[in-house]
Amino acid sequence: MKRVLFICVHNSARSQMAEAYLKSLGGKEFQVESAGFDPTAINPLVVEAMAEEGMDLSGKRTQRVFDLYKSGRVFDYVITVCEESDEAMCPIFPGMTHRLHIPFEDPAKMTGNHEEKMAKLRVIRDKIRTVVLEFIEWANAPGATKLGDLWEFKPARK
């Protein structure tokens, strides 16, 4: 089983969506969680957008990445999903892991009315779904767990 941790600054949107998709699409091959450096509450728009996909995040809670570390948790893959401009602030999970950075726009920075925000969030959500599917295929490929191969994972989306 491959242990995966998605990290974002607040664990309120991108990392939660990525976790939900990998849990849903990855099958029993993956044990997956998400966490944040400075967790807040899950973005209600994310709950709404994921409900459109048949995934209920309404009862999901955020968690602090360093609480996972302090408890001795170890992950095979740590994937940060912060924007490129925020990458320096995005935490790196300590320990023996393989780290990937796959940036996505921050839903918390969206502007507009409810429908405009939802339209933007659906784009982000769909990109995350696409990348998670690519990650599943890549991580399940023969030899993909070798450290040298890990750094070659490049999502096709853009």
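Let me begin by describing the structure that accompanies this report. None of these values were measured; they are calculated from a predicted model. (Residues numbered from 1 in each chain as written. Predicted model: local features only at pLDDT ≥ 70, side-chain atom pairs only at ≥ 80, totals over all residues. Heavy atoms only, no water.)

**Topic: the packing of aromatic side chains**
The tally for this structure, following the rule as stated, stands at five aromatic pairs. Each ring, one from F37 and one from F66, has its centre 5.8 Å from the other, and the planes form 80°; the classification is edge-to-face. Of this pair, F37 sits in the loop between β2 (30-36) and α2 (44-51) while F66 sits in helix α3 (residues 65-70); the two residues are 29 residues apart in sequence, bridging distant segments of the chain. Judged by relative accessible area, which is 27%, F66 ranks as partly exposed. Judged by centre distance (5.9 Å) and plane angle (40°), the rings of F135 and W138 are tilted. Placement of the pair is F135 and W138 together in helix α4 (residues 114-139), with a separation of three residues, close to one helical turn. (Phe/Tyr/Trp six-rings, centres within 6.5 Å; stacked < 30°, edge-to-face > 60°. Helix = DSSP H or I, 4+ residues; strand = E, 2+ residues; numbered from the N terminus. Buried < 20%, exposed > 50% of the residue type's maximum accessible area, 1.4 Å probe, protein only.)

**Examining the sheet that holds strand β4 (residues 98-101)**
Strand order in the open sheet made by the four strands is β2-β1-β3-β4, with parallel pairing throughout. In the strand order of this sheet, the two ends are held by β2 and β4, each with one partner. Mean inter-strand twist for the sheet, computed between neighbouring axes without regard to direction, equals 20°. The strands touched by helix α1 (residues 14-25) within the sheet are β1 (2-8) and β2, with β2 carrying the most contacts at an inclination of about 170°. Relative to strand β3 (residues 77-80), α4 is tilted by about 155°, and along the sheet it contacts β1, β2, β3 and β4. (Pairing = 2+ DSSP bridges. Axes fitted to C-alpha atoms, helices over the stretch in contact; angles between N-to-C directions. Contact = heavy atoms within 4.5 Å.)

**Let's talk about the side chain of S15**
Tracing the sequence through the fold places S15 in helix α1. At 2.9 Å, the side chain of S15 forms a polar contact with the side chain of N11. (Polar contact = N/O pair within 3.5 Å; in protein donor to acceptor, adjacent residues only side chain to side chain.)

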